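Results of the structural survey
Next come the chains, spelled out residue by residue.
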Amino acid sequence: MAKSRSGQVKQSSKLLNVRYDVRGPILEEAQRMEAAGHRIMRLNIGNPAPFGFEAPDAILKDMVSHLPHAQGYSDSQGIYSARTAVSQYYQSRGVMGIDVEDVFIGNGVSEMISMVLQALVDDGDEVLIPSPDYPLWTGATTLSGGRAVHYRCVEEEGWAPDLEELESKVTDRTKAIVIINPNNPTGAVYSRQVLSGIVEIARKHNLVLMSDEIYEKILYDGARHINVAGLSDDVVTLTFSGLSKAYRVAGFRSGWVAISGPKHRATDFIEGLTLLSNMRMCANVPGQHAIQTALGGYQSINDLLLPQGRLLEQRNTAQRLLSEIPGITLQPAHGALYLFPRLDPEVYRIEDDERFVIELLRAQKILVSHGRAFNWPDTDHFRLVTLPSVRDLEEAIGRIADFLEEYRER
Ligand code: PLP
């Protein structure tokens with residue numbers, strides 16, 4: 001496939017089934033419209049900084065003061081102070097057994113997701129991934145030669161995974177179970193009971209558990225986040241998190257994976273991960289210097305989640321206004337930065353949800369993401385971010401309501 005007779009430079013066939021539709025044709029259309037002078041309200045990407053969510057001062061100061069000493073490569077697994085901070089952070093949360101050498105720092109969680117899957121998955125191996133998901137998990141599994149097998153989360157049950165269905169999808173090719181908690185796109189925060197059920201399945205079938213917890217500090221309605229790694233010491237568990245969301249520095253590209261459980265059973269995999277980590281030299285060093293201050297300091301994200309805090313007010317406003325639109329139902333988001341409303345198929349006959357969001361974009365200059373971009377099988381959902389100000393959310397959801405009114409009457 002590498003050489004084409006027509007002289008075209010073709011992409012590799014490895015990419016044939018790899019998808020990442022949250023930044024696909026819809027974004028290109030929005031960019032075209034912006035270039036033509038339209039003002040687009042972007043409710044599509046969970047990037048706090050452009051919405052006026054600034055990083056805590058201490059993080060910025062610390063990074064700037066370290067800049068002169070961050071010119072060279074670091075240890076490829078990450079600087080010692082950052083790995084120590086991550087290890088101590090999990091200890092303080094009741095997760096034991098994560099030592100400095102069990103932490104790998106990456107250019108965001110994204111890099112660590114790709115690297116871990118490359119290190120773990122053989123051609124044809126299966127990885128159990130929630131539907132809906134954050135689509136990098138599916139894309140990176142496919143790119144690593146594996147097969148993403150989706151287990152359904154149940155909307156009417158607050159988007160909790162159906163554990164029976166999950167277990168029924170385990171085969172002798174299954175390598176790992178992925179959970180995203182708090183969840184993007186649904187906002188679900190999993191209970192101890194659900195998490196224990198997943199641990200039990202992983203234990204029974206000898207699977208690796210991978211938990212993406214990048215939103216663990218963004219919680220509403222008194223929800224409590226439980227680190228699944230703290231629920232067992234006999235399941236190899238990889239916990240992913242980073243600074244992009246709660247610390248509002250997505251551009252610093254700073255994240256990590258921490259390995260816990262019976263590591264003696266994972267030495268070969270860890271060797272592979274170390275090889276890949278060495279091959280990319282190291283993560284962005286200035287970004288690594290932000291980790292210790294972020295984890296150790298005062299957690300300013302909490303202020304944004306208080307009753308008068310910006311994030312909570314925005315989530316409340318968006319949730320209320322969307323629920324008032326005829327034919328929309330919505331599970332409350334107890335965590336993260338998104339809402340994932342359902343459009344009743346009896347009211348809105350949507351054959352192609354990607355077309356639907358492009359039509360919304362063209363008609364109302366509002367950019368959201370279609371549900372199938374998150375590996376949701378039906379055409380009845382879309383996702384919007386709750387990062388814009390209350391005023392902007394009111395305006396955007398008002399325009400969505402106008403669009404839907406016309407859509408209903410077609
Ligand atoms: N995991 C989830 C669930 C996300 O929503 C995102 C970004 O939106 C990421 C990982 C990627 O984070 P990072 O910026 O650390 O690469």
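Everything numeric here is computed off the predicted structure, so don't read it as measured data. Residue numbers here run from 1 along each chain, matching the order of that chain's written sequence. Note on the predicted model: pLDDT of at least 70 is required for a residue's local features to be given, and 80 or more for side-chain atom pairs to be given and counted; whole-chain, interface and lining totals, by contrast, use all residues.

**Describing the overall build of the protein chain**
- Within the protein chain one finds 13 helices and 15 strands.
- Atoms counted for the radius of gyration: C-alpha only. Globule rule: 2.2 Å times the number of residues to the power 0.38. In terms of overall size, the protein chain behaves like a compact globule, its C-alpha atoms giving a radius of gyration of 21 Å where 410 residues would be expected to give roughly 22 Å.
- In terms of overall dimensions, the protein chain has C-alpha extents of about 60 × 55 × 50 Å along its principal axes.
- Of all 410 residues assigned to the protein chain, the portion counted as buried reaches 46%.
- Residue pairs in contact within the protein chain that sit at least 24 positions apart in sequence constitute 73% of those at least 6 positions apart. Here a strand is any run of E in DSSP of at least two residues, a helix any run of H or I of at least four, and the numbering for each starts at the N terminus. Exposed residues have 12 or fewer other C-beta atoms within 10 Å of their own C-beta, buried residues have 20 or more, and partly exposed residues fall in between, where C-beta atoms are placed from the backbone. Here the contact rule is simple: place C-beta atoms from the backbone, and any two residues whose C-beta atoms are within 7 Å are in contact.

**A word on helix H8 (residues 267-279)**
- For H8, with 13 residues, the first-to-last C-alpha span of 18 Å sits near the 18 Å given by 1.5 Å per residue.
- Immediately downstream of H8, the backbone of methionine 281 shows phi near 65°, a positive value. To estimate how far a helix should extend, the number of its residues minus one is multiplied by 1.5 Å.

**Examining helix H12 (residues 353-364)**
- For H12, spanning twelve residues, the distance from its first C-alpha to its last is 16 Å, which sits close to the expected 16 Å at 1.5 Å a residue.
- Taken together, the buried positions of H12 are occupied by Asp353, Phe356, Val357, Leu360, Leu361 and Gln364. Buried residues of H12 fall within an arc of 140° about the axis and therefore sit on the same side.
- Looking at the packing, one finds that the buried side of H12 touches helix H1 (25-35), strand S13 (366-367), strand S14 (369-370), strand S15 (382-385) and helix H13 (390-408).
- Residue lysine 365 follows H12 closely and has a positive phi angle near 60°. Working note: the arc is built from the helix axis to C-beta atom directions.

**Things to note about the nonpolar core**
- We define the nonpolar core as any set of buried residues of the types Ala, Val, Leu, Ile, Met, Phe, Trp, Tyr and Cys, connected via C-beta atoms lying within 7 Å of each other. Ranked by internal contacts, the top residues of the largest apolar core, which has 107 residues, are Val116, Ile177 and Val178.
- No other element matches helix H4 (residues 108-120), which puts seven residues into this core.
- Segmentation of the chain into domains, including their bounds, is taken from an automatic or database domain assignment. If you count residues domain by domain, this core takes at least three from each of domain 1 (13-53 + 303-408) and domain 2 (57-296).

**A look at the UniProt feature "domain: Aminotransferase class I/classII large" (unreviewed entry) in the protein chain**
- Summarizing the sequence annotation, UniProt attributes the feature "domain: Aminotransferase class I/classII large" (unreviewed entry) to residues 40-400 in the numbering used throughout.
- Regarding residues 40-400, the helix share stands at 36% and the strand share at 17%, and the terminal C-alpha atoms are separated by 13 Å. UniProt positions are given in the numbering used here, feature names are shortened, and annotations may be inferred rather than shown by experiment.

**Concerning the environment of glycine 197**
- Relative to the helices and strands, glycine 197 is located in helix H7 (residues 192-205).
- Owing to 18 C-beta atoms within 10 Å, glycine 197 belongs among the partly exposed residues under this scheme.
- Residues glycine 197 and proline 161 lie 36 residues apart in sequence; the distance between their C-alpha atoms is 9.9 Å.

**Some thoughts on the site of the ligand**
- If you check the shell around the ligand, you find 13 residues, and the closest are Gly108, Val109, Ser110, Tyr134 and Ser244.
- For the shell around the ligand, the element with the highest residue contribution is H4, accounting for three residues.
- Amino acids outside the nonpolar list (Ala, Val, Leu, Ile, Met, Phe, Trp, Tyr, Cys, Pro) and the charged list (Asp, Glu, Lys, Arg) are all regarded as polar, and Gly is one of them. Taken together, the residues of the shell around the ligand sort by class into five nonpolar, seven polar and one charged. The rule is simple: place the C-beta atom from the backbone, and if it lies within 6 Å of a molecule or strand, the residue is near it.

**Points about the sheet that holds S14**
- If you walk across this open sheet you meet the three strands as S11-S15-S14, and the pairing is antiparallel. Only two strands of the sheet have a single neighbouring strand rather than two, namely strand S11 (338-339) and S14.
- Two strands qualify as a pair provided DSSP detects at least 2 bridges between them. Where S14 and S15 come together, two bridges link them in antiparallel fashion. Its bridge partner being in S15, histidine 370 is matched across the sheet by phenylalanine 382.

**A closer look at the sheet that holds strand S6 (residues 174-180)**
- Taken together, eight strands build an open sheet; the order of strands is S2-S9-S8-S7-S6-S3-S4-S5 and the sheet is mixed. With partners counted over all chains shown, the strands left at the sheet margins are strand S2 (103-106) and strand S5 (160-161), one partner each.

**Re the confidence of the model for the protein chain**
- Per-residue confidence from the predictor is reported as pLDDT, which spans 0 to 100. For the protein chain, per-residue confidence averages 95 on the pLDDT scale, and 99% of positions sit at 70 or higher.
- Interface confidence in the predicted complex, given as ipTM, is 0.99; pTM for the same model is 0.96.

**With respect to the domain arrangement of the protein chain**
- Along its sequence, the protein chain is carved into domain 1 (13-53 + 303-408) and domain 2 (57-296).
- Counting residues at the interface gives 33 residues for domain 1, matched by 32 residues for domain 2.
- Of all the secondary structure elements, the ones that give two or more residues to the side of domain 1 that touches domain 2 are helix H11 (310-323) and S11.
- Each residue belonging to the side of domain 1 that touches domain 2 can be placed in one class, and the counts come to 19 nonpolar, eight polar and six charged.

**As for the packing of H12 against H13**
- Here an angle of 0 to 180 degrees is reported between the N-to-C directions of two axes, which are lines fitted to C-alpha atoms, with helices fitted over the stretch in contact. Where H12 contacts H13, the two axes come as close as 10 Å, and the packing angle between them is 110°. By the angle between their axes, H12 is roughly perpendicular relative to H13. The way H12 lies across H13 gives a crossing that is right-handed. Here Leu360, Ala363 and Gln364 of H12 lie close against H13, whose contacting residues are Arg399, Ile400, Asp402 and Phe403.
- For the contact of H12 with H13, a count of residues per class yields four nonpolar, one polar and two charged. Should an angle fall under 35 degrees it is called roughly parallel, over 145 degrees roughly antiparallel, and 65 to 115 degrees roughly perpendicular, with every other angle called oblique. In this scheme the crossing of two helices becomes right-handed for a clockwise turn of the near helix relative to the far one and left-handed for an anticlockwise turn of less than a right angle.

**A closer look at the environment of aspartate 234**
- Along the polypeptide, aspartate 234 turns up in the loop between strand S7 (208-212) and strand S8 (237-242).
- A C-alpha to C-alpha distance of 9.4 Å links aspartate 234 and valine 199, two positions 35 residues apart in sequence.

**Examining the pairing of strand S3 (residues 126-131)**
- Extensive coverage of S3 is indicated by the burial of five of its six residues.
- Note: S3 against strand S4 (residues 147-154), six bridges, orientation parallel. Along S4, the bridge assignment pairs serine 131 with arginine 152.
- Each parallel crossover has a hand, and for S3 linked through helix H5 (residues 136-143) to S4 it is right-handed.
- Pairing of S3 with S6 involves three bridges; the strand directions are parallel. With the strands pointing away from the viewer, any crossover whose connection runs clockwise from the first strand over the helix to the second is right-handed.

**Focus: unusual backbone geometry**
- With an omega dihedral of -5°, the bond running from asparagine 181 to proline 182 counts as a cis peptide bond.
- Structurally, the position occupied by proline 182 is in the loop between S6 and H7.
- A cis amide bond, omega 20°, links asparagine 184 with the succeeding residue proline 185.
- The residue proline 185 is located in the loop between S6 and H7 in this model.
- If you check the backbone angles, aspartate 221 has positive phi at about 60° while not being a glycine.
- Topologically, aspartate 221 is positioned in the loop between S7 and S8.

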